[in-house]
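Close look at the chain arrangement
Each chain, letter by letter, is given below.
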Amino acid sequence: MLGFRKKKYVDIDSYSLGHHAWRRFKKNKLAMFSLYFIALTVIVAILGPIITPDSTPDANNQVLALSVKPPGFKVEMLLTRENQDIKEVNFFTKMWDGQPNFYHYTPIYSYGFQGPNVVVEGYTGTTPNNGPIVKFNMADVIYALDYNKRVLNDTINQTTTCYVFGSNKPVTRSYKDMSEEIKAKNIITKNYLLGTDQEGRDLLSRLMIGTRISLAVGFVSVIIAFTIGIFLGATAGYYRGKWDEFVMWLINVVWSLPTLLLVIAITLALGKGFWQVFIAVGLTMWVDVARIVRGQVMSIREENFIEAGNAMGFTDFRIIFRHILPNIMGAIIVVAADNFASAILIEAGLSFLGIGAQPPKASWGAMINTYRGYIITDSAYLAFLPGICIMLMVLAFFLLGNGLRDALDSKTSANQLIGA
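Residues numbered from 1 in each chain as written. Predicted model: local features only at pLDDT ≥ 70, side-chain atom pairs only at ≥ 80, totals over all residues. Heavy atoms only, no water.

Examining the sheet that holds strand β5 (residues 152-154)
The three strands are arranged β5-β6-β7 in an open sheet whose pairing can be described as antiparallel. Across the chains shown, the open sheet's two edge strands, defined by having one partner strand only, are β5 and β7 (170-174). For this sheet, the mean angle separating the axes of adjacent strands, direction not counted, is 20°. Two strands pair when backbone bridges link them, and β5 and strand β6 (residues 159-163) are joined in this way by three bridges, in the antiparallel orientation. Among the inter-strand pairings, D154 is bridged to a residue of β6, identified as T159. Of the strands in this sheet, β5, β6 and β7 touch helix α5 (residues 175-186), which is tilted by about 85° from β7. (Pairing = 2+ DSSP bridges. Helix = DSSP H or I, 4+ residues; strand = E, 2+ residues; numbered from the N terminus. Axes fitted to C-alpha atoms, helices over the stretch in contact; angles between N-to-C directions. Contact = heavy atoms within 4.5 Å.)

Now the structure itself:
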């Protein structure tokens, strides 16, 4: 009996250029590590106050008594409810803007209860502590009180009657119940993994929120730069003539101006602020894109497949954006990564000079400027940590760009496809 061999079909998609590009990229360990690192920072930037230890807007919860505490610092806190109507925001509002603080944080060394009050010794950080003795009404600690109405302490029945902000109904609680609730909910141990800054804010939270500004500036400025640069460079390289001469004159004029000075001039013209930095950086970074795209388009426009496209009656728009640009995507991606890194550095420089993101927004460059005086002290990490964040972010984008350039090399991928 004759045996029949089953015909083996080859999955064509598995031998596509994209498949080989991804396989080549995965072999580049540094590029893959950079991709994971950037993905992690993007997640941190998007979630923001959802995952930071300090979830207040801009991680700006200041506890001045805890100024410049070292990494790993722990302290007990008394949480005293703010006497105002603060609403709990929804998930997306908290992720974007943060949650306004419900409580005032008071660092304490010890505490006890005396009648209707909780008595605390304020934290000083000295040995012995010798902190001030402060009394807080227990109802004021637990509730947002309306002080337009009296708080009544019944020492005989050991109860307190008060009115909560926004309510006309009195609340009556016993001293014992309130003391138990305070011990369970209002006395906490706060752990600062990276310590605090000079305003007593959580340094880790500030660094995490700082990723938002760096990534946002890079993303928006690259979009602006590529929209302008690709259009001018592609049309100049394809049509040549007087349009090409005008674009090259414009490139040379902008190229001759120092980038940082040009960004400063645009920023001053638009005004200080968060969004002004995006526009200023984007309007100064299109030159590199236009110059490289122009050169690449000029070399490819003479290829046979471009002449074939013209002979078949394809529009110039289709030839440029569907046949030329995909073939120079490797160079464009490398420039994108380079520009992304440059935008992060420029934003950090502007914030360092005080004309970038304004306080209390957490910007790595502004943090370096604020704490540069600590470099010669034991708290030099206040300036070094944001500098390390900038360095790692810039290095990651450079390594990612180089890895993508090698992986998207169309000639190498095509040779692998033929060999396969």
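Observations concerning the packing of aromatic side chains
Between two aromatic rings, the relevant description is the distance of the centres plus the angle of the planes. This model, assessed by the stated rule, comprises 12 aromatic pairs. On the basis of an interplanar angle of 20° and a centroid distance of 5.9 Å, the ring pair of W22 and F25 is categorised as stacked. Linking W22 with F25, this pair stays in helix α1 (residues 17-27), spanning three residues, or about one helical turn. By relative accessible area, which is 42% here, W22 ends up partly exposed. Using a relative accessible area of 3% as the deciding quantity, one classes F25 as buried. Taking 6.3 Å as the distance between ring centres and 25° as the angle between the ring planes, the aromatic pair formed by F73 and Y192 counts as stacked. (Phe/Tyr/Trp six-rings, centres within 6.5 Å; stacked < 30°, edge-to-face > 60°. Buried < 20%, exposed > 50% of the residue type's maximum accessible area, 1.4 Å probe, protein only.)

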